[in-house]
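Residue-level listing of the chains:
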There are 4 protein chains.
Amino acid sequence: MTSETPRRRLAPEVRRRQVLDAAVAVFSEEGFHGASMDAVAARAGVSKPLVYARGGSKEELFAACLRREADRLLRSVQSAAGSGDDDPVARLRRGLRAFFHALTTRREGWTVLWRQASTGPFAGEVDALRRQIVGEAADLMAGGLGVPRAVALPYAHTLVGAAEGLADWWLTSEDQETVGGTEPADALADLLVAVVGPGLAAIGGRSLGSSTAVSPER
Amino acid sequence: MTSETPRRRLAPEVRRRQVLDAAVAVFSEEGFHGASMDAVAARAGVSKPLVYARGGSKEELFAACLRREADRLLRSVQSAAGSGDDDPVARLRRGLRAFFHALTTRREGWTVLWRQASTGPFAGEVDALRRQIVGEAADLMAGGLGVPRAVALPYAHTLVGAAEGLADWWLTSEDQETVGGTEPADALADLLVAVVGPGLAAIGGRSLGSSTAVSPER
Amino acid sequence: MTSETPRRRLAPEVRRRQVLDAAVAVFSEEGFHGASMDAVAARAGVSKPLVYARGGSKEELFAACLRREADRLLRSVQSAAGSGDDDPVARLRRGLRAFFHALTTRREGWTVLWRQASTGPFAGEVDALRRQIVGEAADLMAGGLGVPRAVALPYAHTLVGAAEGLADWWLTSEDQETVGGTEPADALADLLVAVVGPGLAAIGGRSLGSSTAVSPER
Amino acid sequence: MTSETPRRRLAPEVRRRQVLDAAVAVFSEEGFHGASMDAVAARAGVSKPLVYARGGSKEELFAACLRREADRLLRSVQSAAGSGDDDPVARLRRGLRAFFHALTTRREGWTVLWRQASTGPFAGEVDALRRQIVGEAADLMAGGLGVPRAVALPYAHTLVGAAEGLADWWLTSEDQETVGGTEPADALADLLVAVVGPGLAAIGGRSLGSSTAVSPER
DNA sequence: TATGAATGAGGGTTCATTCAT
DNA sequence: CATGAATGAACCCTCATTCAT
């Protein structure tokens, strides 16, 4: 006989994490409609009823994925940007670095959040989460540029899109060594700041991304 | 038999265009997996077998939508950028404007291309199309910046991503009046140039998006 | 190769009748919850999607069975009893004969109506249909006995139960020849009239099922 | 480990009674197929494995319910009818009263027995139980009418069916006050005797349910 | 030709039943 | 002993696809 994995009994929250991880992976690959609960169960290495027991219905499961990934991303960016009294520009840069770090290390969660479910039963919820995330960037930028939040909003969307495009290129390009010796996420963030920094500075009339932008702080 | 008015026999190309139009609409709203061939047939006002006769299988139909919309986008950007011998910066700007024009006027096609097909069985094809578009931008930028194409590539990805983010914001924001009196697509393109122009200029050491960038040419 | 039945194209109402017949058979044997749409499809000799196309969801299918069988039974009894001006007693007897005929020839429909779905999502509808049917008997009895309808109601229920018990015995007993040469349903009806006629007559103070009751009219 | 109050360990028979009681309640409400073992466990206030430990599989549990309720009904009717040497008519009347008493006071058991189990995998078992009860009635009637048992059988089926119909009406009718001041079960039994007594008497040629039938003994 | 009719296959969900603690 | 955790099997329903008219 084959050495089958025995039926392990695990704590509910452990199983739930397993199920959510698998669900994020599958949803990010196939989308909400394209993903099957069978695939989620197989990816998690559990039976389908267990997926339902720990994750609820397909819609509930997807919503849980959305919320978890959005929370993680928001928390990570917020904690990196800090709420301290230091320079808004520094805070923005730290936030960007954290954002890139999340993009490149948790690509699946980002895909679920951003590219999936823009239509369907979750359009509203997804849109709200997106607004929260971009709003965070807009807040930082409004502080850094000294402009009202409403003005900063399109720039924030532009920034997030640019980051996504850059991350996509980074993740799909084969020779990922070209960026340099530093932490990739940091290098990407610095590249982005180099691209958009001067323009934003000119818009805000302040020194965002000054000459120091291209030689990022350590 | 009764003498009912038979369905008008139309030329095959006309029928195919009807079917593709309906398919783009339905796919953009529901996604590949969420859309049903019944919905496509209903939207086109024809029977289901006709959809198969003119559009092929669901995958073929989706691929045809993808290619048609991508072709339109590419052609429009290329024809706007021109192959003339004039200023690469002006060509880039014209290309960007055409890009935004296509995004904002053919939203459904854009949605099908970018948001619905970026995952699932068409990720590869979408990626290829995307590389074509980005490659176009990279060529323009390589010319404008005076750098090798390989160096321009990440910047091109960043630029296209930024354009996507900005277009997404524009398409989903409710108060679309805030941008200004000019043609929206042009205003968006100019905004983007204002953001990334100075940074790219500094990188390339040339005058791409100089001070005139923020006061766009007419 | 085996001589498989070819895929026949039939008119929708013909298929619907097939599906309803199969559904009545399966529901009467297994009950609403116990019946599976697979079993209905198999019994009808069609595929499952066709059951849905012609019969709707399981609940709709069951409700359609209910209504069809109730209509048939009601119509049959009403048309037998007539609305003429003749003797109420004769009308009651004719109604009973029709009722027994329906019981013994369409047992499945009766089972669906009477024994199934007394609980569940159809309790209300089933109860209403039951009340209609018993109400018909109560009306006839009220006319025959010269008592108010409300008084006749328990007797009607008693009569219907007695008929069911008698029919059950008849249908499950092996030597069904013992009843006699007449039409079985008529013989059963006459037997029932012989049992309950005198008692009901005494209650109503009229001649329902007088001495002629045991020698039924031809 | 924490010192939680452990579930009280009860004697096996006590647990089994709990489980059977819950099962009868749930089965009577939902039917065999509609009831879930989860519902039984919840109603009994125990865990599901305990239901299996004390009640066996779902089919065994249902069969046990069936047998317990049938035994109670049979025993009650037999003990009421007695085996004494007194008047068969009086014995029949007492048996009927006990029958109605059981029906009206143990409605759930009756529902399980008759309405839920008359079809499905237990039709055979229910039929056997029904034959036992009807056979009891047939014996009494054979004695009372002075006819062979085989002749009395259809009348017994008719009688039991009538009793069921009357009991169903009584149990589902809302204005249960219309019957009178006496014990409902007795009133129902007397009503039934008034309906079928004279007819049976005429058939048997003896005094079963003579004029005294309509003014029942106390 | 254009279509209504038909189906094989698969997805979401639940349930009876059994381990491992 | 008593339980929460886990699963194989089945059920309802829909969809992409294809005939027969």
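Residues numbered from 1 in each chain as written. Chains lettered and ligands numbered in written order. Predicted model: local features only at pLDDT ≥ 70, side-chain atom pairs only at ≥ 80, totals over all residues. Heavy atoms only, no water.

## A look at the interface of chain A and chain B
Working step 1: The partner chain B presents 35 residues to the 35 residues of chain A that form the contact.
Working step 2: Summing both sides of the interface, chain A and chain B together bury roughly 2700 Å²; the carbon and sulfur share of this comes to 62%.
Working step 3: Area buried by chain A at its contact with chain B is led by Arg 115, Trp 169 and Val 195 of chain A, which between them contribute 22% of it.
Working step 4: The interface formed by chain A and chain B contains zero salt bridges.
Working step 5: For the pair chain A and chain B, the interface holds one residue pair in polar contact (both at pLDDT 80 or more).
Working step 6: Per-element accounting of the side of chain A that touches chain B gives the leading share, twelve residues, to helix α8 (residues 149-172) of chain A.
Working step 7: In the side of chain A that touches chain B, the residues fall into 15 nonpolar, 14 polar and six charged. (Contact = heavy atoms within 4.5 Å. Buried area = accessible area lost by both parts, 1.4 Å probe. Salt bridge = Lys/Arg side-chain N within 4 Å of Asp/Glu carboxyl O. Polar contact = N/O pair within 3.5 Å; in protein donor to acceptor, adjacent residues only side chain to side chain. Helix = DSSP H or I, 4+ residues; strand = E, 2+ residues; numbered from the N terminus. Nonpolar A, V, L, I, M, F, W, Y, C, P; charged D, E, K, R; others polar.)

## Brief notes about the protein's contact with DNA strand F
Working step 1: Among the 36 residues in the neighbourhood of DNA strand F, the closest are listed as Arg 9 and Pro 49 of chain A, Lys 48 of chain B, Lys 48 of chain C together with Pro 49 of chain D.
Working step 2: The contact atoms of DNA strand F, taken as those within 4 Å of the protein, divide so that sugar and phosphate hold 65%.
Working step 3: The separation between a phosphate oxygen of DNA strand F and a polar main-chain atom of Ala 35 of chain B is 3.0 Å.
Working step 4: At the level of elements, α1 (12-34) and α3 (48-55) of chain A, α3 (48-55) of chain B, α3 (48-55) of chain C together with α3 (48-55) of chain D are the ones that each hand at least two residues to the surface near DNA strand F.
Working step 5: A class-by-class count of the residues in the surface near DNA strand F yields 15 nonpolar, six polar and 15 charged. (Near = heavy atom within 4 Å.)

## As for the relation of the copies chain A and chain B
Working step 1: The transformation that overlays chain A on chain B combines an axial shift of 0.2 Å with a rotation of 178 degrees, and the residual RMSD is 1.0 Å. Each copy turns onto its partner about a two-fold axis. Judged by C-alpha distance, Gly 161 of chain A is the residue of chain A that lies nearest the rotation axis, at 1.9 Å.
Working step 2: When the interface residues of chain A are mapped onto chain B, 94% of them again lie at the interface, so the same face is used by both copies. (Least-squares fit on C-alpha atoms with pLDDT ≥ 70 in both.)

## Quick look at the interface of chain D and chain C
Working step 1: Counting residues at the interface gives 34 residues for chain D, matched by 34 residues for chain C.
Working step 2: Roughly 2700 Å² of surface becomes buried between chain D and chain C when both sides are summed, with 63% attributable to carbon and sulfur atoms.
Working step 3: Between chain D and chain C we count zero salt bridges in total.
Working step 4: Elements with a contribution of two residues or more to the side of chain D that touches chain C: α1 (12-34), α6 (107-116), α7 (123-145), α8 (149-172) and α9 (184-204) of chain D.

## Quick look at the side chain of Ser 28 of chain A
All names here are of chain A.
Working step 1: By secondary structure assignment, the location of Ser 28 is in helix α1.
Working step 2: Look at Ser 28 and you get buried, because its relative accessible area is 6%.
Working step 3: Reaching out from Ser 28, the side chain makes a polar contact with the backbone oxygen of Ala 25 at a distance of 2.8 Å. (Buried < 20%, exposed > 50% of the residue type's maximum accessible area, 1.4 Å probe, protein only.)

## A word on helix α4 (residues 58-81) of chain D
Working step 1: An ideal rise of 1.5 Å per residue puts 34 Å on 24 residues; α4 of chain D measures up with 34 Å between its terminal C-alpha atoms.
Working step 2: In the segment just after α4 of chain D, Gly 82 of chain D is the residue with positive phi, at about 65 degrees. (Expected span 1.5 Å × (residues − 1).)

## A word on the packing of α8 of chain A against helix α8 (residues 149-172) of chain B
Working step 1: One way to put it is that α8 of chain A packs onto α8 of chain B with a least axis distance of 6 Å and a crossing angle of 140 degrees. As far as their axial angle goes, α8 of chain B and α8 of chain A are oblique. Here α8 of chain A runs over α8 of chain B; the crossing is right-handed. Residues Leu 153, Pro 154, His 157, Thr 158, Gly 161, Ala 162, Gly 165, Leu 166 and Trp 169 of chain A of α8 of chain A lie in contact with α8 of chain B, whose contacting residues are Leu 153, Pro 154, His 157, Thr 158, Gly 161, Ala 162, Gly 165, Leu 166 and Trp 169 of chain B.
Working step 2: Here the residues of the contact of α8 of chain A with α8 of chain B are counted per class, giving ten nonpolar, eight polar and no charged. (Axes fitted to C-alpha atoms, helices over the stretch in contact; angles between N-to-C directions. Parallel < 35°, antiparallel > 145°, perpendicular 65-115°, else oblique. Left-handed = near helix turned anticlockwise from the far one by under 90°.)

## Considering the protein's contact with DNA strand E
Working step 1: Taken together, 36 residues are adjacent to DNA strand E, and Tyr 52 and Lys 58 of chain A, Arg 9 and Pro 49 of chain C together with Lys 48 of chain D come closest.
Working step 2: Between a base oxygen of DNA strand E and a side-chain N or O atom of Lys 48 of chain D, the distance comes to 2.5 Å.
Working step 3: At 3.0 Å, a side-chain N or O of Tyr 52 of chain D approaches a phosphate oxygen of DNA strand E.
Working step 4: When contributions to the surface near DNA strand E are tallied by element, the ones reaching two or more residues are α3 of chain A, α3 of chain B, α1 (12-34) and α3 of chain C together with α3 of chain D.
Working step 5: At four residues, the largest contribution of residues to the surface near DNA strand E is made by α3 of chain C.
Working step 6: Classifying every residue of the surface near DNA strand E gives 15 nonpolar, six polar and 15 charged.

## Some words on the environment of Val 196 of chain A
Working step 1: In this structure, Val 196 of chain A sits in helix α9 (residues 184-204).
Working step 2: Residue contacts for Val 196 of chain A: discarding those within four places in its chain leaves Leu 159 of chain A together with Val 195 and Val 196 of chain B.

## Considering the packing of aromatic side chains
Working step 1: Applying the stated criterion across every chain yields a total of 30 aromatic pairs over all chains.
Working step 2: For the ring pair Phe 99 of chain A and Trp 110 of chain A, a centre distance of 5.3 Å and an interplane angle of 85 degrees mean the geometry is edge-to-face. Residue Phe 99 of chain A is found in helix α5 (residues 88-105), and its partner Trp 110 of chain A is found in helix α6 (residues 107-114); the two are separated by eleven residues along the sequence. The burial state of Phe 99 of chain A is the same as that of Trp 110 of chain A; both residues are buried.
Working step 3: Their ring planes at 80 degrees and their centres at 4.7 Å tell us that Phe 27 of chain D and Phe 62 of chain D sit as a pair that is edge-to-face. Linking Phe 27 of chain D in helix α1 with Phe 62 of chain D in helix α4, this pair joins segments that are 35 residues apart in sequence.
Working step 4: Owing to a relative accessible area of 0%, Phe 62 of chain D belongs among the buried residues under this scheme.
Working step 5: Among the aromatic residues, ring-to-ring pairing joins Phe 27, Phe 32, Phe 62 and Phe 122 of chain A into one connected group.
Working step 6: Against the face of Phe 32 of chain B rests Lys 58 of chain B, its NZ or CZ located 4.8 Å from the ring centre. (Phe/Tyr/Trp six-rings, centres within 6.5 Å; stacked < 30°, edge-to-face > 60°. Lys NZ or Arg CZ within 6 Å of the ring centre and 35° of its normal.)

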